[in-house]
Every structure is written in C-alpha cells, then in structure tokens.
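These are the residues of each chain, in order.
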Amino acid sequence: MDGFLVALVISFGVIFVAELGDKSQLMALTFATRFKPVPVLIGITVATAIVHLASVGIGYGLHAALPTGWISLIAGLAFLGFGAWTLRGDKLTEEERRKAEKTSKSAVVAVGVAFFLAELGDKTMLATITLATKYGWFGTWLGSTLGMVAADALAILVGRLLGRHLPEKAIRYGAAVLFAISGLWLILEAVNRLS
C-alpha cells in the first residue's frame, strides 16, 4: 500500500501542476462557458481516465524492458523537457476555440471526445508514461487522472466565479521549475545507480 500511496500522491501533484495553464485546461474553461460544470467534468474524467490508462500501460511496459538506472535517467531528461515545454506555454487556436463553443452534441460526449483527442501526445500523457516507468501503474493512473480532473475543475470554478483564469505566466514558471527540480533529482538518482 505504501508504494501505491507514493505513486498516487506524486502522480497527482505532477499532473496537477503540468495541467495548470495547459491547452486542455483552457478548453475546460471554454466548455464551462457553454455547458454546466458537472457534464464538463464527467467528459474530462472519462477521457482522461482512458488516455492515462493507455499511458500507464506504455510506461509499465517500458519499466519491464529497461533497467531502473536508465529509466531514471530517461525520466529525468523527460522532466527537463516537460519543464521547457511548460515554459513555452499552450494556447487554444481559433479553430479549437470555435469547436469548443459551437458543439451541439451532448456535453459529456463533446467534452470527452475533445479532451481525448487533445490529450493524445500532450505533456500530461507523456508525464504519465514517465511516472508509470518509476511507480506502480494503478497509483500512477489514479493519481494522474485525479490530478488532471482537479486542475480542470479549478479552471472551471475560477473561470465561472471570476470570469478569468489564474495568472498564466506565474503558473507556467512555477510548473517549469517543479519539472526541472524533479528532472534533476531523477538524473542524480540515475547517475548514482549507473556508477
């Protein structure tokens, strides 16, 4: 149970931070202006659970195939990359914004399909794969799914209450620093294991 809790807490924290200011969080805000919050959250949850289940499957498979020292090194480098990606930031294109605003299907289906497609290859999917190479698959899956849903719920709440989202620049820099610290920690761990 101890390994499960570690995977749950770390995955929740990493994905929550990675999702702040992400394109899919901006999509959640847009959908929340058109639909009620509960169907939007259900669609986000279903799509995230499916994408992150596939992600932990990939990560767990990589863990079985690679020695732990190399996994830590690759994960550390990936986290440094995620930090740089986070600094670059995400924005909704006009086409993505129009699709989110014009959809006439049921909210759960519309949001679920949009989030599923947006998350494929996104940094939160790649971060979940990376986390699953290091921690147990179930705790990583549950933590990453809950972390993403919590971050998107925060965006919906803040967007509906205040009419704007959290300060994007500060969030982006904070998330990038956390990714960099995690990446450096994993690289140091890998160097110790490989030497």
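Overview of the structure. Quick caveat: nothing in here was measured; it's all calculated off a predicted structure.

Reading guide: rules and limits
- The written sequence of each chain sets the order in which its residues are numbered from 1.
- With the structure being a predicted model, the display of local features is reserved for residues of pLDDT at least 70 and the display and counting of side-chain atom pairs for 80 or more, all residues being used for whole-chain, interface and lining totals.
- Side-chain descriptors were evaluated using all non-hydrogen atoms of the structure, hydrogens and water having been removed beforehand.
- Helix and strand definitions follow DSSP, with helices as H or I runs of at least four residues and strands as E runs of at least two, each counted in order from the N terminus.
- Accessible area is worked out with a 1.4 Å probe on protein chains only. A residue is then buried under 20% of its type maximum, exposed over 50%, and partly exposed in between.
- By definition, residues are in contact when any of their heavy atoms lie within 4.5 Å.
- Accessible surface is estimated by sampling points in the Shrake-Rupley manner with a 1.4 Å probe; for residues, cover comes only from the protein chains shown.
- For a helix, the expected span equals 1.5 Å multiplied by the number of residues minus one.
- What we call a nonpolar core is a set of buried Ala, Val, Leu, Ile, Met, Phe, Trp, Tyr and Cys residues that are connected through their side-chain atoms within 4.5 Å.
- Between N-to-C directions, angles span 0 to 180 degrees; the directions come from axes that are lines fitted to C-alpha atoms, helices contributing only their stretch in contact.
- Just so you know how the angles are binned, under 35 degrees is roughly parallel, over 145 roughly antiparallel, 65 to 115 roughly perpendicular, and the rest oblique.
- Rotating anticlockwise by less than a right angle from the far helix to the near helix defines a left-handed crossing, while the corresponding clockwise rotation defines a right-handed one.
- The nonpolar class holds Ala, Val, Leu, Ile, Met, Phe, Trp, Tyr, Cys and Pro. Asp, Glu, Lys and Arg form the charged class, and all remaining residues, Gly among them, are polar.

## Thoughts on the overall build of the chain
Next, step 1: Along the chain, the regular secondary structure elements total nine helices and zero strands.
Next, step 2: Order of helices (α) and strands (β) in the chain, N terminus to C terminus: α-α-α-α-α-α-α-α-α.
Next, step 3: Within the chain, the proportion of its 195 residues that are buried is 45%.
Next, step 4: Considering only residue pairs separated by 6 or more positions, the chain has 93% of its internal contacts joining residues 24 or more positions apart.
Next, step 5: Carbon together with sulfur atoms contributes 72% to the accessible area of the chain, which is approximately 9700 Å² in total.

## Looking at helix α1 (residues 2-19)
Next, step 1: Here α1 contains 18 residues, and its C-alpha end-to-end distance of 26 Å stays within 8% of the 26 Å for a straight helix at 1.5 Å per residue.
Next, step 2: All buried positions along α1 are accounted for by A7, L8, S11, V14, I15, V17, A18 and E19.
Next, step 3: One or two positions beyond α1, positive phi appears at G21, with a value near 80°.

## Observations regarding the nonpolar core
Next, step 1: Among the nonpolar cores identified, the biggest contains 19 residues, and F31, V40, I44, V111 and F115 are the most heavily contacted of them.
Next, step 2: Not counting residues within four places of it along the chain, the set of residues in contact with V40 comprises A28, F31, A32, F35, V111 and I156.

## Observations concerning the packing of α1 against helix α7 (residues 123-134)
Next, step 1: Where α1 meets α7, the closest approach of the two axes is 10 Å, and the angle between their N-to-C directions is 160°. Here α7 runs roughly antiparallel to α1, going by the angle between their axes. Crossing angle aside, the handedness with which α1 passes α7 is right-handed. Contacts between α1 and α7 involve I10, S11, V14, I15, A18 and E19 on the former and, on the latter, K123, T124, A127, T128 and L131.
Next, step 2: By residue class, the composition of the contact of α1 with α7 is six nonpolar, three polar and two charged.

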